[in-house]
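# Structural description and commentary
In case you want the letters, here they are:
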Amino acid sequence: MIQSWILSIVYSFLDHIPPVAWDIINVITDIVLFWFYKFLNYIRPKSRVLYHEAMKGLESCYTYEEWCVKATTVDEITGANLWRRNFFSRRYDFNSVLEQFSLLQQYLNKKDVESIKEKFSTTGPCMLRNFAGIVDKRLFSKSLMGTKLLIEQYLENILEGLEVLDESSTPTSYFQRCKLSLGTTVLILKGGSLFGLFHLGVIKCLLYQNLMPNIISGSSMGACVAGLFGCLSNEELAQLLKGDQILNIIKYDIELLRSCGYGNVDQHLNIGTLIQNLVHHGYSQDVYLFIQFVIKYVVKDTTFEEAYQNTGKVFNIVIHPTDKSCPNLLNYVTTPNVLISSAINCSLGSGVLSDETKLLCKNLNNEIISFLSEEKTQSTTFLAPENAIVGNDSDNPYTRLTELFNVNNFIVSLARPYLAPLVVNDLKHEIKTSKYYYYKHYPDTPNAMILPQLDYTEMEPLAFKFKYHLERKLKNIITMEFRHRMEVLDNLGLLCPWIKRLIIDDKTPRSAIEITIVPRIKNLSVTRIIEGQLDNINYWMKCGEQNTWPVLPLIKTRCAVEFKLDHIIRARRNKINTTYIGQ
């Protein structure tokens, strides 16, 4: 009672702060940050000034091609380009990779189809995703542009070998066996009720780079984005995510804007009211607007089976019902007749979007009815991901996902910027301390031309071994301790609901955190979240793209062979269908 009374006073105080005061606070913050970075550049060694200026240029890129040009410059400054050319490393078995690369090159030169087929058989090393440790994340943290050139050339030979087998009329069943042996990749969109629009940028980047898996799973806000992906073809989705297309559709729908609270101009000035909505409902105004847009224009009354028949995509929505007889993984196999719109509402949790949250489906007469019986519908509630309790692996929806679709490779989109420093397993390109980074001469780069002419003969190293390794160990210890304490408090029921909403999330299999895409802490904008600006859709989409670019080399290494097999199998099926229709 006392707590609610204090919160009401705080909200009332924030509501009566004039907008001019917030503008003054923003100006003061910008001035302080400007002089803070100015001071850092003054005390930093010259080599680090050059490095940080080059890294800063990466944040202003708008296309992946532009980012690659500037990332190449950074690799030249740090010496990572030399590290890529040298195939020696303790992180993988370079002797085995070099041997297989040489054999494949010989077979390709001779066009020896039988030998290539033997190498690609289910017992061969080429159909192992982590052969000789080539997908170790530590091989992708030194250079922004990728991993060892030997590994990239080895994968190119495998792709070329698959093309040779495809042209030699190898049976389709052979490629299907290879695909079964290699496994399947899934993209998991984890929660993010406040920052869920970040998932849009991840999908857009993977789609434009032809690295988008055909299987996707989402929970909470990720379920909404997964529904958008599953109900549209890749061509339609690419067109929708292009430029300001989504924003233009929303701006012309006055009824949709007013229903989401954008019709009242005074509402944007009541900061206390907006913060109260965030704390008690768990989503911002722009996120609520996007959810309504997806349900109205894309999902409509479509079921999982209808969406699969239209697009051929396998998308899953994770829910957490209190009734254990209700499935927690919804897709065209487990719940083909369930409405996608109702699955999205249930994934967000009961009472989030509406007071009554029901799981709906279509019967044989195409009528919309409740999926559960009347008795179970009244007694069943749907928990948010942070409140879900998973007893063992058999109850985990992601374990069920691996069983249904032969999934053994996970790409996780974690839309929580404040967790970025605490994610141990994410892919970070940090300053290393190997001998390649101790340069006494730096190449003439565009960034170096802009900066003042420095005396490169007196350059300091970019990092020192003792300091770097000490910081890394401390970060890992603090991260593990923080996660452990939060889990203990959650199990004891001592964690506040709004803290659980920000920190606790649904748990995925251990292998699911091997590739994690997470926004930088710099992307966290409190003003944007509170005010719910309309351009947040484009803002977070761009953030998702920019944070996916550094992870693309690792995704290519893990998924290039799998996607090539999918392309061959799909092309042959389409050819058969076209021939059948023509006859």
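Not measured: the values here are computed from a predicted model. (Residues numbered from 1 in each chain as written. Predicted model: local features only at pLDDT ≥ 70, side-chain atom pairs only at ≥ 80, totals over all residues. Heavy atoms only, no water.)

## Examining the overall build of the protein
For the protein, the helix and strand inventory stands at 26 helices and 8 strands. Scored against the burial criterion, the 583 residues of the protein give a buried share of 49%. With an accessible surface of roughly 29,200 Å², the protein has 56% of that area assigned to carbon and sulfur atoms. (Helix = DSSP H or I, 4+ residues; strand = E, 2+ residues; numbered from the N terminus. Buried < 20%, exposed > 50% of the residue type's maximum accessible area, 1.4 Å probe, protein only. Areas by Shrake-Rupley, 256 points an atom, 1.4 Å probe, with all protein chains shown as cover.)

## Description of helix α9 (residues 172–182)
Three or more residues of α9 are buried, namely Y174, F175, C178, K179 and L182. Viewed along the axis of α9, the buried residues span an arc of 140°, placing them on a single side of the element. Phi turns positive, to about 95°, at G183, one or two residues after α9. (Arc of directions from axis to C-beta.)

## Details of unusual backbone geometry
Backbone geometry at S220 places phi at a positive 55°, although glycine is not the residue there. Mapped onto the elements of the fold, S220 is located in the loop between β2 (215–219) and α11 (221–231). We classify S220 as buried; its relative accessible area is 7%.

## Considering the environment of N396
Mapped onto the secondary structure, N396 falls in the loop between α19 (374–379) and α20 (397–405). At 3.0 Å, the side chain of N396 and the backbone nitrogen of Y398 are in polar contact. (Polar contact = N/O pair within 3.5 Å; in protein donor to acceptor, adjacent residues only side chain to side chain.)

## Topic: helix α25 (residues 536–548)
Counted at 1.5 Å a residue, the expected span for α25 with its 13 residues is 18 Å, and the 18 Å between its end C-alpha atoms agrees. Taking burial as the measure, the 13 residues of α25 include 10 buried ones, the bulk of the element. Within α25, the full set of buried residues consists of N536, I537, W540, M541, C543, G544, E545, Q546, N547 and T548. (Expected span 1.5 Å × (residues − 1).)

## A word on the packing of aromatic side chains
Across all of its chains, the model carries 16 aromatic pairs by this definition. With a centroid separation of 6.0 Å and an interplanar angle of 55°, the aromatic rings of F87 and F94 are classed as tilted. On the basis of relative accessibility, which here comes to 27%, the residue F87 falls in the partly exposed class. For F94, a relative accessible area of 16% corresponds to the buried category. Aromatic side chains F195 and W540 sit 5.4 Å apart centroid to centroid with 65° between the ring planes, which places their arrangement in the edge-to-face category. Pair noted here: F195 is in the loop between β1 (184–190) and α10 (198–208) and W540 is in helix α25, with a separation of 345 residues, a long-range link. Residue F195 is classed as buried on the basis of its relative accessible area, which comes to 3%. Its guanidinium or amino end placed over the ring of Y174, K117 lies 5.9 Å from that ring's centre, counting from NZ or CZ. (Phe/Tyr/Trp six-rings, centres within 6.5 Å; stacked < 30°, edge-to-face > 60°. Lys NZ or Arg CZ within 6 Å of the ring centre and 35° of its normal.)

## A word on the pattern of salt bridges
If you walk through the whole model with that rule in mind, you get 12 salt bridges. Its salt-bridge partner being R572, residue D166 comes within 2.9 Å of it at the nearest N-O pair. Of the two residues, D166 sits in helix α8 (residues 149–167) while R572 sits in helix α26 (residues 552–582), which places them 406 residues apart along the sequence. The class of R572 is buried, set by a relative accessible area of 16%. (Salt bridge = Lys/Arg side-chain N within 4 Å of Asp/Glu carboxyl O.)

## A short note on the confidence of the model for the protein
Scored by pLDDT, the protein comes out at a mean of 79, with 73% of its residues at no less than 70. Here residues 265–269 is modelled with pLDDT under 50, and outside its nearest four sequence neighbours on either side it reaches 9 contacts, counting other chains as well. The low-confidence segment residues 433–459, where pLDDT is below 50, has 55 contacts with residues more than four positions distant or belonging to other chains. (pLDDT = per-residue confidence, 0-100. Contact = heavy atoms within 4.5 Å.)

## Some thoughts on the environment of P125
As for its position among the elements, P125 is in the loop between α7 (113–119) and α8. Each C-alpha atom, one on P125 and one on Q100, is 8.3 Å from the other, the two residues being 25 residues apart in sequence. In this view, P125 contacts Q100, K119, F131 and Y154; residues no more than four positions away in its chain are not counted.

## Some remarks on the sheet that holds strand β3 (residues 314–318)
Ordered by their spatial adjacency, 6 strands build an open sheet running β4-β3-β2-β1-β7-β8, and the pairing between neighbours is mixed. In this open sheet, the two strands that pair with only one neighbour each are β4 (329–330) and β8 (515–517). (Pairing = 2+ DSSP bridges.)

## Points about the nonpolar core
Core analysis: the largest hydrophobic core is formed by 121 residues, its most contacted members being F120, Y154, I203 and F290. It is helix α16 (residues 285–299) that provides the largest number of residues to this core, a total of 10 residues. A domain-level breakdown of this core finds at least three residues from each of domain 1 (88–182 + 552–582) and domain 2 (183–432 + 511–549). Leave out the neighbours within four places in its chain, and F120 touches L104, C126, M127, I158, G161, L162, L165, Y174 and C178. Judged by nonpolar contacts, the second largest core, of 12 residues, contains V186, I215, V318 and Y398. (Core = buried A, V, L, I, M, F, W, Y, C linked by side-chain atoms within 4.5 Å. Domains from an automatic or database assignment.)

## Observations regarding the pairing of strand β7 (residues 407–414)
In terms of burial, β7 is a largely internal element, 7 of the 8 residues being buried. With 7 bridges connecting them, β1 and β7 associate as parallel partners. When the bridges of β7 are listed, I188 appears paired with V412.

## A look at the packing of helix α6 (residues 94–110) against α8
At their nearest, the axes of α6 and α8 sit 10 Å apart, and the two run at 35° to each other. Crossing angle aside, the handedness with which α6 passes α8 is left-handed. Contact residues: F94, V97, L98, Q100, F101, L104, Q105 and L108 in α6; L150, Q153, Y154, N157, I158, E160, G161 and V164 in α8. In the contact of α6 with α8, the residues fall into 10 nonpolar, 5 polar and 1 charged. (Axes fitted to C-alpha atoms, helices over the stretch in contact; angles between N-to-C directions. Left-handed = near helix turned anticlockwise from the far one by under 90°. Nonpolar A, V, L, I, M, F, W, Y, C, P; charged D, E, K, R; others polar.)

## Overview of the side chain of N409
Residue position: N409 is located in strand β7. A distance of 2.7 Å separates a polar atom in the side chain of N409 from a polar atom in the side chain of R558. Beyond its immediate chain neighbours, meaning those up to four positions away, N409 contacts R129, T184, T185, V186, I515, R558 and C559.

## Quick notes on the pairing of β2
In terms of burial, β2 is a largely internal element, 5 of the 5 residues being buried. Taking every second residue as pointing to the same face, both faces of β2 are buried, with I215, S217 and S219 on one and I216 and G218 on the other. Where β1 lies against β2, 4 bridges are found, and the strand directions are parallel. From the neighbouring strand, L189 faces β2, where its bridge partner is G218. Bridging between β2 and β3 involves 5 bridges; their strand directions are parallel. Its bridge partner being in β3, S219 is matched across the sheet by V318.

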